[in-house]
Amino acid sequence: MGLKAGIVGLPNVGKSTLFNAITNSHVEAANYPFATINPNTGVVNVPDERLDFLTGIFKPQRRIPATVEFYDIAGLVRGASHGEGLGNQFLAHIRECDAIVEVVRCFENADIVHVEGNVDPIRDIEVINLELVMADLDTVDKRIEKISNKARIQKDKESIFEMGVLTSLKEALDQGKPARVVKLSEEQEEFVKVAYHLLTKKPIIYVANVSEDDLSNLDNAKYYQEVKKYALAESNEVIPVSCEIESQLSELSPEDKAVFLDELGIKESGLEKVIKATYKLLNLSTFFTVGADECRAWTFKNGMSAPECAGVIHTDFQHGFICAEVYRYEDIHELGSESAVKEAGKLKTEGKGYYPKDGDIMFFKFNVSGRK
């Protein structure tokens, strides 16, 4: 799909450690600011129990999961919107991403330098959010300066429309609020998306990097609870993760990893939660194709039609689309086999007007002569 999530945060909060663990990479994770300058990138498999189940039924030669791409972006410091630190590079790299995963330090450790001098997760979040807001405000102000006379004096319709959008955005940004909170019409939303590439329009989740002790007692983890309350007020998600533990887990075999998690009293690793949440944040869903040769999870953007989903596999499938045979994952999970699904009448034939849902299992029929 070409969509990617940027891992951001202040220096030394655990971004590169998280990235290493997620991607099983070995990028530098040093105890000083700006250890990461150029963004590291990694493609990560999306954990999906449904694909595991389907693989168990069809026993294919190949099992191919869905993937999501992560960027490990240089740490931001106060004043980044005015070029402090690596601010200009940082902001440019965020612009290239479709969603933001913001890592927040929620642990005490005298041996790890904090760029602000002490641990205060809410201050850290607000430092980053303010820099993103200020960068967007600069974008909006420059655009207003360029078209205001055209809208006011020449009464140009397109400029008048754009000024209405810009005025709403500026009002929120002036108050330190992100552009994503501004209520816009569908037409205005599409215009903003194409025209401005605003940083604070990008969806965001927080990753609270907690200590091992706090991970097993989150109700009493002071810093995590502060971030949780902050995220809830924004209607955003926060995921508690111990980047140090995840780094250790990434070095283990699946069997040893399961034992380690069991000893910690954790059913699912923090990384798996982060990957799944990021996939959802990017507005992505999964459909499956199954058979003896291959069981595969395919990524599609919510709202895509059946022909568009067919095009995810191959453009010929979209151009020559005839129909799709579809059944739900829940049906095969309940009934135990594809033949039982068919016998129960759960297999449906859908046309061009069908919009696939997350978990659909699909077989596309297409006409080669329909190629353009």
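Refer to the structure printed above.
First, a word on what this report is: a plain description of the structure on this page. Treat the numbers as computed from the prediction; the structure is a model and nothing was measured.

**As for helix α4 (residues 121-152)**
Residues three or four positions apart in an α-helix share a direction because the helix packs 3.6 residues into each turn.
Right, on to step 1. Helix length check: α4, at 32 residues, gives a terminal C-alpha distance of 44 Å against a target of 46 Å (1.5 Å per residue), a fit within 8%.
Right, on to step 2. Lysine 146 marks where α4 bends most, by close to 40°.

**Here we look at the sheet that holds strand β4 (residues 67-72)**
Right, on to step 1. With mixed pairing, the 6 strands of this open sheet are ordered in space as β2-β4-β1-β5-β6-β7. Both edges of this open sheet fall to β2 (40-45) and β7 (237-241), since each of them pairs with a single strand only. Ignoring strand direction, the axes of neighbouring strands in this sheet form an average angle of 25°.
Right, on to step 2. Here helix α11 (residues 270-281) sits on the sheet in contact with β1 (4-8), β2, β4, β5 (99-106), β6 (204-210) and β7, set at roughly 160° to β7.

**A word on the nonpolar core**
Right, on to step 1. Core analysis: the biggest nonpolar cluster contains 74 residues, and Leu18, Ile22 and Phe70 have the highest contact counts within it.
Right, on to step 2. With residues up to four places along the chain from it excluded, the contact list for isoleucine 22 reads Ile7, Val44, Phe70, Leu271, Val274 and Ile275.

**As for the pairing of strand β10 (residues 321-328)**
Right, on to step 1. Here 7 bridges tie β10 to strand β12 (residues 360-366), and the two strands are oriented antiparallel to one another. Bridged to valine 326 within β12 is methionine 362.
Right, on to step 2. Relative to strand β11 (residues 348-350), β10 is paired through 3 bridges, and the arrangement is antiparallel. Residue pairing across strands places glutamate 325 opposite threonine 349, the latter belonging to β11.

**Details of the pairing of β5**
Right, on to step 1. Counting buried residues along β5, 8 of its 8 residues qualify, which places the element largely inside the surrounding structure.
Right, on to step 2. Burial of β5 is two-sided: the residues Ala99, Val101, Val103 and Arg105 facing one way and the residues Ile100, Glu102, Val104 and Cys106 facing the other way are all buried.
Right, on to step 3. Summarising the sheet, β1 and β5 pair through 4 bridges and their orientation is parallel. Paired with isoleucine 7 across the two strands is valine 101, which belongs to β5.

**Side note on the pattern of salt bridges**
Right, on to step 1. Enumeration over the complete set of coordinates arrives at 17 salt bridges.
Right, on to step 2. In this structure, the salt-bridge partner of glutamate 325 is lysine 365, at a minimum N-O distance of 3.2 Å. Placement of glutamate 325 in strand β10 and of lysine 365 in strand β12 is noted, with a sequence separation of 40 residues between them.
Right, on to step 3. We classify glutamate 325 as partly exposed; its relative accessible area is 21%.
Right, on to step 4. Residue lysine 365 is classed as partly exposed on the basis of its relative accessible area, which comes to 36%.

**Considering the side chain of glutamate 102**
Right, on to step 1. If you trace the backbone, glutamate 102 turns up in strand β5.
Right, on to step 2. In this structure, glutamate 102 is buried with no salt-bridge partner, the nearest side chain bearing the opposite charge being arginine 180 at 7.3 Å.

Quick notes on the rules
- Residues numbered from 1 in each chain as written.
- Predicted model: local features only at pLDDT ≥ 70, side-chain atom pairs only at ≥ 80, totals over all residues.
- Heavy atoms only, no water.
- Helix = DSSP H or I, 4+ residues; strand = E, 2+ residues; numbered from the N terminus.
- Expected span 1.5 Å × (residues − 1).
- Bend = angle between axes of the 7 residues up to and from the residue.
- Pairing = 2+ DSSP bridges.
- Axes fitted to C-alpha atoms, helices over the stretch in contact; angles between N-to-C directions.
- Contact = heavy atoms within 4.5 Å.
- Core = buried A, V, L, I, M, F, W, Y, C linked by side-chain atoms within 4.5 Å.
- Buried < 20%, exposed > 50% of the residue type's maximum accessible area, 1.4 Å probe, protein only.
- Salt bridge = Lys/Arg side-chain N within 4 Å of Asp/Glu carboxyl O.
- Lys, Arg positive; Asp, Glu negative; His and termini not counted.

All we've got here are geometric facts, nothing functional implied.
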